[in-house]
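# A look at the structure
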Amino acid sequence: MKLRILTLGIAVSLLSACGGGKQEDAKVLNVYNYSDYIAENTIPDFEKNTGIKVTYDVFDSDEMVETKLLAGDSGYDVVVPTLNFFGRQIKAGVFLPLDKSKIPNLGNLDPEMMKRIAQQDPGNQYGVPYMIGTTGIGYNVELLKQRFGGSTEIANSWDLVFKPENIAKMKDCGVTILDTPSDMIPIALHYLGEDPHSNDPATLQKAAALLKSIRPYVQNFHSSQYVGSLANGGTCLVVGWSGDIIQARDRAAEADNGVTVAYSIPREGAPQWFDMLAIPKDAKHPEAAYAFINYLLEPKVAAANTNFIHYANPVTTATPLVDAAIRNDPTIYPPADVAAKMFTYSINTPEADKLYTRLWTEVKTGR
């Protein structure tokens, strides 16, 4: 789920020297992932180690992935949907059942996490977890303090976002909210004390009403641009994905530009999500896909990815290899008391999904 770099992949296709130009399955791989969601060296090192050339295309929302998958003939060999989308895509029959004998590094994964994922992927038949994150609040520390009496305490509560009198104070310095109803509507429901998994139309209307009440103070709806904007001071308040906001924090610190960014998991609770690696049923290069998935589960590779993108990974043997500042950061690896308040996203019914889309359009347009 989350802003990532557009320059990692090189669009490459290999044609056989004979046989009418047929692609060599073992030497080509087409990946569709979030932008800036992999370490800079992961793709080049994989290509060097395997001889497989990678085309790495990027997206910034699950809705984009789902559109391609459900249309058929996506052109991709590995995709990275979030668990709740992944669960219903399984039901739609768009994925290849995994041959686990071709992914020996599955043994490196956290078994408890696999049990949780199995609630939407029974038997873990279709997917492998890639990264774990949360959705919370990112903010410019100094600009927040200026507006709230020198304190940042308000950032530890969703009250900062969902009480108009609070978010109004941040309007002048730039507010961005994720352009994903699948994140924002459940968060609003949870804040209201409703079930974040509800598909009841009347309940969803309550979430929409709350989001509409803060619409006048939102400068931008986007799911990737906020990283750079938060880091350079162009945005001061974000509802976004943990790793992205932490990346913005570190970019600002490296730039020494006078901007201090922080990330908060609100005390009321927040979403925790899992991004999955899966192989579309119509993948043209499944053997290369297996090789890539297995490679990502190697401890050194998983740790390098976490060190770069600042999301927790599910490879237990990778944790000691993660930079101490990251593995000890409670916003990346939340402690048990914080994790206990988190919730996961559910699979929406088709009717609820249509209502999500309509309500979100109303929220964004201010109708």
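The structure under discussion appears in the preceding block.
Our subject in this report is the structure included herewith. (Residues numbered from 1 in each chain as written. Predicted model: local features only at pLDDT ≥ 70, side-chain atom pairs only at ≥ 80, totals over all residues. Heavy atoms only, no water.)

### Brief notes about unusual backbone geometry
Residues other than glycine seldom take positive phi values, yet Asp36 does so here, at roughly 55 degrees. Mapped onto the fold, Asp36 is located in the loop between strand S1 (28-34) and helix H1 (42-50). (Helix = DSSP H or I, 4+ residues; strand = E, 2+ residues; numbered from the N terminus.)

### As for the state of the cysteines
Counted according to the given criterion, the structure contains one disulfide. Here Cys173 is linked by a disulfide to Cys236, with a sulfur-sulfur distance of 1.9 Å. Here the disulfide of Cys173 and Cys236 is right-handed, its torsion about the S-S bond being about 70 degrees. A residue pair is termed long-range when its members are at least 10 positions apart, and Cys173 in the loop between helix H7 (164-167) and strand S5 (175-177) and Cys236 in the loop between helix H10 (226-231) and strand S7 (237-241) qualify at 63 residues. (Disulfide = S-S within 2.5 Å.)

### Side note on the packing of aromatic side chains
Following the criterion strictly, the structure yields 15 aromatic pairs and no others. When the centroid spacing of 5.2 Å and the interplanar angle of 40 degrees are considered together, the rings of Phe86 and Phe95 count as tilted. Overall, Phe86 belongs to the buried group, its relative accessible area being 0%. For the pair Phe221 and Trp360, a centre-to-centre distance of 5.6 Å together with 90 degrees between the ring planes defines the contact as edge-to-face. With Phe221 in strand S6 (residues 220-221) and Trp360 in helix H16 (residues 350-365), the pair connects residues that are 139 residues apart, well separated along the chain. Neither residue differs from the other here; Phe221 and Trp360 are each classed as buried. (Phe/Tyr/Trp six-rings, centres within 6.5 Å; stacked < 30°, edge-to-face > 60°. Buried < 20%, exposed > 50% of the residue type's maximum accessible area, 1.4 Å probe, protein only.)

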